[in-house]
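What follows is each chain in one-letter form.
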Amino acid sequence: MILALFGGALLFWCAAEARLRHRIRRRGLPAVATVVPESDVHGALDSAPLLSFATRPVPAGRTGGPPGVEAGELVLTRPRGHTPLRRPAHLVPGGSVRIAYDPCRPGHAVLAAEEAGPRPLVADLLWTALGLGCLAAGAVLLLVAA
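Since this is a predicted model, take the numbers as computed values, not measurements. (Residues numbered from 1 in each chain as written. Predicted model: local features only at pLDDT ≥ 70, side-chain atom pairs only at ≥ 80, totals over all residues. Heavy atoms only, no water.)

Engineer: What exactly am I supposed to notice about the sheet that holds strand β5 (residues 109-111) here?
Structural biologist: Note on sheets: strands pair through backbone hydrogen bonds, and any given pair is parallel or antiparallel. Spatially, the five strands line up as an open sheet ordered β3-β2-β1-β4-β5, and their pairing is antiparallel. One side of each edge strand has no neighbouring strand; the edge strands of this open sheet are β3 (74-77) and β5. Neighbour-to-neighbour, the strand axes of the sheet open up by a mean angle of 40°, direction not taken into account. Relative to strand β4 (residues 96-101), strand β1 (residues 29-35) is paired through six bridges, and the arrangement is antiparallel. Across the sheet, the residue bridging to Leu29 is Tyr101, located in β4. (Pairing = 2+ DSSP bridges. Helix = DSSP H or I, 4+ residues; strand = E, 2+ residues; numbered from the N terminus. Axes fitted to C-alpha atoms, helices over the stretch in contact; angles between N-to-C directions.)

Engineer: Any chance you could explain the nonpolar core here in plain terms?
Structural biologist: In globular proteins that are soluble, nonpolar side chains generally tend to be buried together. If you look at the biggest cluster of nonpolar residues, it comprises 13 residues, and the most contacted ones within it are Ala33, Leu51, Phe53, Val97, Ile99, Tyr101 and Leu111. Elements with a contribution of two residues or more to this core: β1, β2 (51-54), β4 and β5. For this core, the element with the most residues is β1, which contributes four residues. With residues up to four places along the chain from it excluded, the contact list for Phe53 reads Ala31, Val32, Ala33, Glu73, Leu74, Val75, Thr77, Ile99, Tyr101, Pro106 and Ala109. (Core = buried A, V, L, I, M, F, W, Y, C linked by side-chain atoms within 4.5 Å. Buried < 20%, exposed > 50% of the residue type's maximum accessible area, 1.4 Å probe, protein only. Contact = heavy atoms within 4.5 Å.)

Engineer: Explain the environment of Ala145 to me, please; I cannot follow it from the model alone.
Structural biologist: Tracing the backbone through its elements, the reader meets Ala145 in helix α4 (residues 119-145). Take Ala145: its relative accessible area is 67%, and that puts it in the exposed class.

Structural data, given as structure tokens:
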């Protein structure tokens, strides 16, 4: 039962992250972020870099609600949906990367499609396969136990 719950939760998480990345890339505001050097030893081991960027004014009708932050506010965040084991070589501290961010919640940022490359699709497929495998194994174990 634990495997089935884990597999279902993993599939739900994969679908939610893929939907969030797609929505932000399509409807979010583009920006250029700088990769920030990290003072924390454990943060430097994270494959998702710490990014810094300034927000800009939200165009009228661009969001469904009020803007989440003032224009020009500095935001520190890690990109969503970034799951490789090692940080890519082009994401070195001090480097610039193109991103898209949600104007209502600027902490939700994703790397631009050309910056992320083909790996997000591969990572999504691997996580989905792991979720399906756990869900199937859990269902088989439940059937055998019943």
